Amino acid sequence: MTAADNRSATRSGIRTFEPTRLHFGGDYNPEHWPEEVWAEDIRLMKEAGVTMVTAGIFSWGLVEQRPGAYDFGWFDRVMDNLGDAGVQVCLATMTASPPPWLSRQHPEILPETAEGVRKWPGSRQHYCPSSPVYRSHAVRLVEQLATRYADHPALALWHIGNEYGCSNPVCYCDVSAADFRRWLRERYATVEALNEAWSTTFWSQRYGDFEEVLPPRTTPTHANPTQQLDYARFSDDALLQCYLAEREVLRRITPEVPVTTNHMPHHKPVDPFRWAAYEDVTALDYYQEPYDSRTHIDAAAAFDVTRCAGGGRPWLLMEQAPSAVNWRARNSPKPPGAMRLWSWQAVAQGADAVLYFQWRQSRGGAEKFHSAMVPHAGTDTRTFREVAALGQELAGLPQLAGTRCRAEVVLLADWNSWWALEQGSHPSSALSHRETLLRHYQPLFDAGVPCDILPPDRDLGGYRLVVVPNLYLMSEQTAERLTAYVRGGGHLFVSYFTGIADECDRVHLGGYPAPLREVLGLRVEEFWPLDEGAGVSLRGELSGRADLWSEAVDLEGARAVATFGDGELAGRPALTRNAFGTGIAWYAATRPEPTLMRTLMDRVRGEAGAAPVLDGLPPGVQATVREGATGRFIFLLNHAGAAATVTLPHPARNLLDPGGKPTTSLTLPPRGVAVLGTP
Amino acid sequence: MTAADNRSATRSGIRTFEPTRLHFGGDYNPEHWPEEVWAEDIRLMKEAGVTMVTAGIFSWGLVEQRPGAYDFGWFDRVMDNLGDAGVQVCLATMTASPPPWLSRQHPEILPETAEGVRKWPGSRQHYCPSSPVYRSHAVRLVEQLATRYADHPALALWHIGNEYGCSNPVCYCDVSAADFRRWLRERYATVEALNEAWSTTFWSQRYGDFEEVLPPRTTPTHANPTQQLDYARFSDDALLQCYLAEREVLRRITPEVPVTTNHMPHHKPVDPFRWAAYEDVTALDYYQEPYDSRTHIDAAAAFDVTRCAGGGRPWLLMEQAPSAVNWRARNSPKPPGAMRLWSWQAVAQGADAVLYFQWRQSRGGAEKFHSAMVPHAGTDTRTFREVAALGQELAGLPQLAGTRCRAEVVLLADWNSWWALEQGSHPSSALSHRETLLRHYQPLFDAGVPCDILPPDRDLGGYRLVVVPNLYLMSEQTAERLTAYVRGGGHLFVSYFTGIADECDRVHLGGYPAPLREVLGLRVEEFWPLDEGAGVSLRGELSGRADLWSEAVDLEGARAVATFGDGELAGRPALTRNAFGTGIAWYAATRPEPTLMRTLMDRVRGEAGAAPVLDGLPPGVQATVREGATGRFIFLLNHAGAAATVTLPHPARNLLDPGGKPTTSLTLPPRGVAVLGTP
Amino acid sequence: MTAADNRSATRSGIRTFEPTRLHFGGDYNPEHWPEEVWAEDIRLMKEAGVTMVTAGIFSWGLVEQRPGAYDFGWFDRVMDNLGDAGVQVCLATMTASPPPWLSRQHPEILPETAEGVRKWPGSRQHYCPSSPVYRSHAVRLVEQLATRYADHPALALWHIGNEYGCSNPVCYCDVSAADFRRWLRERYATVEALNEAWSTTFWSQRYGDFEEVLPPRTTPTHANPTQQLDYARFSDDALLQCYLAEREVLRRITPEVPVTTNHMPHHKPVDPFRWAAYEDVTALDYYQEPYDSRTHIDAAAAFDVTRCAGGGRPWLLMEQAPSAVNWRARNSPKPPGAMRLWSWQAVAQGADAVLYFQWRQSRGGAEKFHSAMVPHAGTDTRTFREVAALGQELAGLPQLAGTRCRAEVVLLADWNSWWALEQGSHPSSALSHRETLLRHYQPLFDAGVPCDILPPDRDLGGYRLVVVPNLYLMSEQTAERLTAYVRGGGHLFVSYFTGIADECDRVHLGGYPAPLREVLGLRVEEFWPLDEGAGVSLRGELSGRADLWSEAVDLEGARAVATFGDGELAGRPALTRNAFGTGIAWYAATRPEPTLMRTLMDRVRGEAGAAPVLDGLPPGVQATVREGATGRFIFLLNHAGAAATVTLPHPARNLLDPGGKPTTSLTLPPRGVAVLGTP
């Protein structure tokens, strides 16, 4: 396989990344080591089945030791070594962290907090995303790099920046302030429009001129909510502009080479759906928490977001840890088998690459205790053995590459709503976008029902069920589309505190949730958040417990499937169902506890006709499907602590078991994985 | 009733606010809405029985859109609409929050924290209280406003500023530093006097010149206590000077219109007793916490402070929430009946007005989820119905206006002591002025014994019992007055860590509490604060548990009513009683737990002859009395969760029950209220 | 006894402090009081048996009221009063806190946090340790002081500064930054060497010039670990340079007067072992926490550090509280007898002086609630009585002065390792140098086994057992010395996460702990930190529970004394023993809970032949020995809450019991103390 093999579809200006097998490898930072180690690196990469590495992420400091004095000699040798060994390179643009000389010459590139505290060099990403100085130096470097390696045979993919906004998601400095004002002028054109959007008659905040506007720096009390919301939008955009500035250079010099950047999961500052429009393939870094028994569900949602952001095309697991990380308070290694299980999970959810941070464990620096494919203790280690075994295993199933996942259920997620939801000054500060998304995702995951996750402006036509978890901020257009979706026969599930505010965080008047009242057949008169630790019982067709939140609902056509059993709202509707047009719209005015949520969601998706991959899955076993020209593959992953037996409707063979025969009953050990091929 | 009806006693330069009925209404911010909504506002105000609104609090940004360019046209229409409808206006001076152009022109008006962090515009009150720039712009605006509306028939009362010090209570900027030095020169005249007062020989802090003095900004370790105490005094004064600068303009232009400002309850930065000397009527904002089952007791103490600060005259409940607020972590609505109950509680404790924040719920901005009289969901809502019902109910009892409460027990509270008490470097950081005040207040409240709350420099002659809860800082003069009070037959109850330091926070030498040793008949040798979670038993005539604090007491004439039953102080006095002159002085060397505190306080007030409003009150039922020229009224308020039956000594009629007949046994439902009139 | 009596060994340029009796006294701050109080001070000092006071610590502000205008008149009288009364003076250099005029003239002396927050005057130690302005003003003052009192008969000892680094341990200002660069140039000579040491290829941190280097100010994420480590070293050194600058003046003017400075216990910013090379006698401030039932064990370790830093010579307990302190959240007095017990504990562990902060309790200022020898309540107090009684008691045993402690067990402690260990980005943030040291120290203390505590570069030849608790950072040389120690017959106990990184915080490659693998006979493949609250069982010859940490160990010659009984490492070695050369090397791959730790350590020291002072000590009774020319003395201290009977192998007499007779069975009441003399 050559690097060009990945680019089968770069015709007509659309670059894609379509490898002919599952890639395997990781971040490669040879500059940490003397060159005599490099030969061993190549030898061990072959041993481990490495097909791709990401190189150069933090190499700026070495290739440009003085301003404008570029020295790529050592990096040429790295590229050649890799190319000679047939390892493809996902080549980083090296701009993630500027060298010390840049911030010494230009301290104004350093980011500042809302309190005016400057963030200094000494770690990484110490730049203001709006900084023209940073951007121009970055672009200058990318120009050099792209020119030098445009035709290098190892170059497979550009890796722009690194984890944008990980450490510098928002900056409040004067440079950012000026850029924010520019952004606002573009968005609003007139200061009157801004005043209207920001509701500045409140608390005497009316602006007479754009020049008066500032970032939401620390204020005596709650800052203007729309100012905060727009600052989140602006900050995301400032990072995106950094990315786009580099991308433009790459497009010009290497128009045929696809580009990507690695996102972090559930990363509030960066909207992956918006960025994906500018990525040829989407990529994710995901670090499971071995101490958390449900880390794979959080991962599953992040994987779905990454796949869906990329339009359903295969994506790249760009970073994961071979074993422990080093940046949590207490960092557990991954127990035997866990790394394999979680790697296969990514593939099961559509990934075409399993990559790690990093190849060889650092001897010094802030990540020396982060595990690597080649640990401090060398290759006679559990970690290296597990890595190499997985490399071989992935190499055995090239037919998986390019196949895709399909879902009949979609959950809506919206970064704009996230930014608005978690502000202060709301009925309850306990609402969390991530937590709520997972609360709705988990019962579907547990049931083995494949899900997509999309922002609300995408086409919902192909789905049997649309789940809308606490989408606080919702435009009238979205509400109209959801209404039309149900009218036309769709099934919709909406939960509490959804559809409350418009894009400017102004309440939709006319009884909550005004733009959804018709389709839901109800009116919410009052929000009734529950106290910490408090719960409420539900009674009716469905019964159980709920917590966190409740609402005073007046029915306007909907039917109560459950009512509150106690508390101030006793007897009032808690869960409702409304037949509307030829579809059904459900509403949850509270947060059911997990068991009730599972019962409820089973019923909702059952009515909608959204089926699981397999019926009767044992608890903890995840089941997914990928299919394509090479066949249809069912993945079974046992996340439970005990062995589990899965009954199949038709005999199938586990492709990971070389001697396995077709069977209808498959027992997975703890952390076991099976890939069932077309029989 | 016209606005002038409120001012029956403005003769001889003393302005008072004496409405002829109970006022009802709230903050009115029509600028949030298009003018077409205003007509509906007026119509609904009539429906709800509104008699007074507060207008203009945050209108600066709209009436002065550019420096010096005033536009009151829209506000004229607001005033006229209200006047035409017979709604009186409590007119705000509009200075609570300067518009963005002011801090852009003069960034030096922005306040700074002790760490040097500037607080930026974007919320409210982003001004340094010492700023001459802020004050001059505020005064300029007030001059315009007062001139324009001096003769407007709707103008009933001036509302200066708003919640002074809510968001900018203390500023540490250079402007404040200079003002602090000016203030210190006035207070101490010579730097030698300051050195003496501040004990600056300690830690080499001696000042050679006032110019060396700074605010207590962040220091390597504990800052000088008297520097901190004086800074609290200065900061309170800086806010008061803002108020007085505006008041001076109003007095000049509208000498007959009374003025007020709305305080926050138990607000440490602002001493309500000191300010009240400059207020024609006192006013309070109080926001109950529905999740807290004892929120009404905290409220009761705040109401008493507000009434007593105003010399016992009726006061204004200037703000309360119709239902939920939005600024706590989790914000519960007020359950059905709670708003009515708590509103009547204010009246029962002497209020002549029940007002809300705010009239119409905001669509945007930081308080859009704060409840309002007219909710987002409109008037077909529980909230509006309860509001309107209360408006009608209050209208039915005009005879309550002007009547007063009387008390035989007074608790002493002193903001100076509060400021000194809660500094670091004390025996225990767990002492809290507010908590301690309530611990002493609650057993009296629960027993139905009316209380006043006053600073220690007021006349105590009329009281049967004086309660002094942990008044750490006490002048010799106060101690002498308390001693004389007991000598003359008064009953005094003093609790631990009282009378320790003088006005400069220097310890009174000679055995604690030196200036009270004679009257208490004891000496405290050592403070023995108890560890977190630890308790101690008490034995003797009174027995039970105590916690938080203990002291090693040597008796010098007093008698031990209880001794410590365990711990290092076992056998030593815990609660003492001293017959002194013709009076009695009690001392608590520890903090009794609530049940023992109730027993103790019942005995203390029993001996003093301070009787409850009614004997045998059921738990949770509050009883108060107002009386005046129109009669004597007993208020009964059921704060308990269950119905409660109150036995009356004489037949009385519940004036809130139109068909009710005189009875001696009255059953109050949960959250029920009765006003018993003279039969 | 005259001041010169302390200096019996100042011959040949080596100054020592060797009093002929145990000193008793405290900090004396007469400037807090009018001169009329001073005569009483002297009278009461005699009554209390005071022999030495520390004077002048915070007198700078009074003796130099204007820059360069010195006024020592009042201090002359203080010195004369003391001299006349035969009280020796430990004379402070008065430089601990600069007066306000200095920071007003030179605000650049104020320290700054990593966030850029300036620390202002108003408390103490508000100076940047690198400040040349501060240092020059301090030296100028010391020159005056030394010249004036060089020949004063009361001058016994110089007390340089005070608690260096207590409130200003690290400064990040520009002055510090420049000084750091100077320090780095001296350390590394070339920027290439610094790049190598700091592993700056990581995250693009390569420096092109020393001028680019900054302190580890607040960064977007984890700062470079070696930058942080070197900053800790530099910051310690900056404080030491302040000390040395003053010391140089004193050596020149008063070459025969010994010098010291008072350290704080377990004080991370200051390495007492490094400083001790420049101190003629070591001194410690220790404030027990009466609420903590094991405070005496923490104290014991700090006492051992102080004694060992001084080469085993007697040391000074420079400050302790007569009763309560005032700077904890809740401050308990010392119960009756506790102060005596803990004072004798210092003597039992080698102190020749028992001093207090402070003589007379302040009336004002931030420490007015800190107890003193003469309390607010005067001398008719428990505190004064206990103080005076102890003064008399100590006076009765002059033969103790100059005797020494001996130990057969040494624990290694290393401030460099501490600085490196507790950084972020490690496998677990729950590792604490202090906690770990105490976990290893306590079982030896409880068994009555005397211990030394030393840094790893000292001679280990004389010890039977060397204990190495979690010494993360270890040079190859240290590892070689430990290996040689065992090879030659020594017993070594090493616990988890030891020997991991070199002096530059770079991992020793080749399997953990690479440089100790040979002596320990094992390899650690992976660190497996345990989750908060989680534990693991151990099985084998030794069994029990462990927590906090575990490791995957491969044996390479060692034998497993216990294996993990559950968890992911079940069956793998947990505690190992390796016969190596003629010695034994133990390894603990986890943290045994206290009871197992006691069993384990009893066995380890038993095999090593390290005996307790007395066999069969009752729980809670501490036993130590001092010996010298005047005899051998066994100290018994009952830290338990109940009486305890100690059986002696030979009859001995309790020297604290005037009428006591030799006995072999001695019963100590709670908080009881006995000093057994040579029979």
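Nothing here was measured: the structure is a model prediction, and the numbers come from that model. (Residues numbered from 1 in each chain as written. Chains lettered and ligands numbered in written order. Predicted model: local features only at pLDDT ≥ 70, side-chain atom pairs only at ≥ 80, totals over all residues. Heavy atoms only, no water.)

**Topic: the packing of aromatic side chains**
Our working definition: For this analysis, a ring pair means two rings from Phe, Tyr or Trp (six-membered ring only for Trp) whose centres lie within 6.5 Å, classed as stacked if their planes differ by under 30 degrees, edge-to-face if by over 60, and tilted for the remaining angles. Only Lys NZ and Arg CZ are tested; either one counts as a charge over a ring when it is within 6 Å of the ring centre and within 35 degrees of the ring normal.
Applying the stated criterion across every chain yields a total of 108 aromatic pairs over all chains. Each member of the aromatic cluster is reached from another via a ring pair, and the members are Tyr172, Phe180, Trp183, Trp198, Tyr207, Tyr231 and Phe234 of chain A. The ring of Trp120 of chain A carries Arg118 of chain A above its face, with NZ or CZ at 5.8 Å from the centroid. Residue placement shows Arg360 of chain B over the ring face of Trp33 of chain B; its charged tip is 5.7 Å from the ring centre.

**With respect to the side chain of Ser323 of chain B**
As a reminder of what qualifies: Here a helix means four or more residues in a row that DSSP labels H or I, a strand means two or more in a row labelled E, and each is numbered from the N terminus. Contacts are assigned to residue pairs with any non-hydrogen atoms lying within 4.5 Å of each other.
Structurally, Ser323 of chain B can be placed in the loop between strand E10 (315-319) and helix H11 (338-348). Dropping the residues within four chain positions of it, Ser323 of chain B is found in contact with Glu526 of chain A together with Ser332, Pro333, Lys334, Ser371, Arg382 and Thr383 of chain B.

**Some details on the UniProt feature "domain: Beta-galactosidase trimerisation" (unreviewed entry) in chain A**
Rules: UniProt positions are given in the numbering used here, feature names are shortened, and annotations may be inferred rather than shown by experiment.
When the UniProt feature table is mapped onto this chain, "domain: Beta-galactosidase trimerisation" (unreviewed entry) is found at residues 407-608 of chain A. Across residues 407-608 of chain A, helical content stands at 26% and strand content at 30%; the span's end C-alpha atoms are separated by 13 Å.

**What about the relation of the copies chain A and chain C?**
Look at the two chain copies: a rotation about an axis and a shift along it is all it takes to match them. Heads up, the rule is: We superpose the copies by least squares over the C-alpha atoms of residues that have a pLDDT of at least 70 in both of them.
Note on the identical chains: chain A maps onto chain C by a rotation of 120° and an axial translation of 0.0 Å, with an RMSD of 0.0 Å. Classification of the inter-copy transformation places it as that of a three-fold axis. Closest approach to the rotation axis within chain A is made by the C-alpha atom of Val117 of chain A, at a distance of 4.9 Å.

**So, the interface of chain A and chain C**
Heads up, the condition is: When two components associate, each loses some accessible surface as probed by a 1.4 Å sphere; the sum of these losses over both components is called the buried area. Throughout this description, the term salt bridge denotes a Lys or Arg side-chain nitrogen within 4 Å of a carboxyl oxygen of Asp or Glu. For the purposes of these results, a polar contact is taken to be a pair of N or O atoms within 3.5 Å, where, inside protein, one atom must be able to donate a hydrogen and its partner to accept one; residues adjacent in sequence count only when each atom of the pair is a side-chain atom. Gly counts as polar in this scheme, as do all residues outside two lists: the nonpolar Ala, Val, Leu, Ile, Met, Phe, Trp, Tyr, Cys and Pro, and the charged Asp, Glu, Lys and Arg.
Contact residues are listed per partner, giving 55 residues for chain A and 50 residues for chain C. Of the roughly 4,700 Å² buried where chain A meets chain C, counting both sides, 56% is carbon and sulfur surface. Looking only at chain A, the three residues that lose the most surface to chain C are Arg330, Arg363 and Phe369 of chain A, adding up to 16% of its buried area. Here Glu568 of chain C and Arg671 of chain A are joined by a salt bridge, their closest N and O atoms 3.0 Å apart. The interface formed by chain A and chain C includes 27 residue pairs in polar contact (both at pLDDT 80 or more). Listed by contribution, the elements that provide at least two residues to the side of chain A that touches chain C are helix H2 (60-63), helix H4 (100-105) and helix H12 (382-395) of chain A. Looking at the side of chain A that touches chain C, its residues break down into 20 nonpolar, 20 polar and 15 charged.

**Some words on the interface of chain B and chain C**
Taken together, the contacts link 50 residues of chain B with 55 residues of chain C. Summed over both partners, the interface of chain B with chain C comes to about 4,700 Å²; 56% of that surface belongs to carbon and sulfur atoms. When the buried area of chain B at its contact with chain C is split by residue, Trp203, Arg206 and Pro220 of chain B rank highest and sum to 15% of it. Measuring nitrogen to oxygen at the nearest pair gives 3.5 Å for the salt bridge that ties Asp502 of chain B to Arg363 of chain C. Counting every contact that joins chain B to chain C gives 27 residue pairs in polar contact (both at pLDDT 80 or more). For the side of chain B that touches chain C, the elements supplying multiple residues, two or more each, are helix H8 (225-253) and strand E16 (522-527) of chain B. With four residues, the top contributor of residues to the side of chain B that touches chain C is E16 of chain B. Each residue belonging to the side of chain B that touches chain C can be placed in one class, and the counts come to 20 nonpolar, 16 polar and 14 charged.

**Here's the deal with the pattern of salt bridges**
Counted by the stated rule, this structure contains 158 salt bridges over all chains. Arg523 of chain C is paired through a salt bridge with Asp554 of chain C; the nearest N and O atoms lie 2.8 Å apart. With Arg523 of chain C in strand E16 (residues 522-527) and Asp554 of chain C in strand E19 (residues 551-555), this pair connects stretches of sequence that are 31 residues apart. Taken together, the shared-partner salt bridges in this structure form one network comprising Glu541, Arg559, Arg577, Arg603 and Glu607 of chain A.

**With respect to the domain arrangement of chain A**
All names here are of chain A. Our working definition: In this document the domain limits rely on a domain assignment from an automatic tool or a database.
Splitting chain A by domain gives domain 1 (3-14 + 23-173 + 228-395), domain 2 (409-608) and domain 3 (621-677). Each of domain 1 and domain 3 has a C-alpha centre, and the two are 32 Å apart. With 18 residues of domain 1 at the contact, the number on the domain 3 side is twelve residues. In terms of surface lost to domain 3, no three residues of domain 1 exceed Leu341, Trp344 and Ala348, which account for 45% of the buried area on that side. Where domain 1 touches domain 3, the interface holds one salt bridge. In this structure, Arg626 and Asp352 form a salt bridge, with 2.7 Å as the shortest nitrogen-oxygen distance. Contributing elements (two or more residues each) for the side of domain 1 that touches domain 3: helix H11 (338-348) and strand E11 (351-356). Tallying contributions element by element places H11 first for the side of domain 1 that touches domain 3, with eight residues.

**Section: the sheet that holds strand E28 (residues 673-677) of chain C**
All names here are of chain C. Going by this rule: At least two DSSP bridges between two strands are needed for those strands to be called paired. Axis definition: a line fitted to C-alpha atoms, over the contacting stretch in the case of helices. Angles run 0 to 180 degrees between N-to-C directions.
Taken together, five strands build an open sheet; the order of strands is E24-E25-E28-E26-E27 and the sheet is antiparallel. The open sheet terminates on both sides in strands that have one partner only, identified here as strand E24 (621-628) and strand E27 (663-668). Averaged over neighbouring strand pairs, the angle between their axes works out to 25° when direction is ignored. With two bridges connecting them, strand E26 (residues 644-654) and E28 associate as antiparallel partners. From the neighbouring strand, Asn654 faces E28, where its bridge partner is Leu676. Relative to strand E25 (residues 631-638), helix H11 (residues 338-348) is tilted by about 145°, and along the sheet it contacts E24, E25 and E28.

**Digging into helix H14 (residues 433-446) of chain B**
All names here are of chain B. So the rule is basically this: Multiply 1.5 Å by the residue count of a helix minus one, and that product is the helix's expected span. The reported bend at a residue is simply the angle between two axes, fitted to the 7 residues ending at it and to the 7 residues beginning with it. Under the scheme applied here, a residue whose accessible area is under 20% of the maximum for its type counts as buried, over 50% as exposed, and between as partly exposed, the area being computed with a 1.4 Å probe on protein chains only.
Along its 14 residues, H14 runs 20 Å from first to last C-alpha, staying within 8% of the 20 Å computed at 1.5 Å per residue. Remark: the principal bend of H14, roughly 30°, maps to His440, with a proline, Pro443, within the next four residues. Among the 14 residues that make up H14, ten are buried, leaving the element largely enclosed by the rest of the structure. Buried within H14 are the following residues: His433, Thr436, Leu437, Leu438, Arg439, His440, Tyr441, Pro443, Leu444 and Phe445. Just past H14, the residue Gly448 takes up positive phi, approximately 80°.

**Some details on the sheet that holds strand E23 (residues 591-592) of chain B**
All names here are of chain B. Strand order in the open sheet formed by ten strands is E13-E12-E14-E15-E22-E21-E20-E17-E18-E23, with mixed pairing between adjacent strands. The open sheet has two edge strands, strand E13 (451-454) and E23, and neither has a second partner. Sheet topology note: the strand E17 (residues 535-540)/strand E20 (residues 559-564) ladder contains three bridges and is antiparallel. By the bridge assignment for E20, Arg539 is matched with Thr563.

**Observations concerning the pairing of strand E18 (residues 544-547) of chain B**
Residues and elements named next belong to chain B. Bridge analysis of E17 against E18 gives four bridges, and the strand direction is antiparallel. Across the sheet, residue Val536 finds its bridge partner in E18, namely Ala546. Counted between consecutive antiparallel strands, the loop separating E17 from E18 contains three residues. Relative to E23, E18 is paired through two bridges, and the arrangement is antiparallel. Bridging from a neighbouring strand, Asp547 pairs with Arg591 of E23.

**Examining helix H14 (residues 433-446) of chain A**
In an α-helix, one turn spans 3.6 residues; hence positions three or four apart end up facing the same way. Burial of H14 of chain A is extensive: eleven of the 14 residues sit out of reach of the surface. Listed in full, the buried residues belonging to H14 of chain A are His433, Thr436, Leu437, Leu438, Arg439, His440, Tyr441, Gln442, Pro443, Leu444 and Phe445 of chain A.

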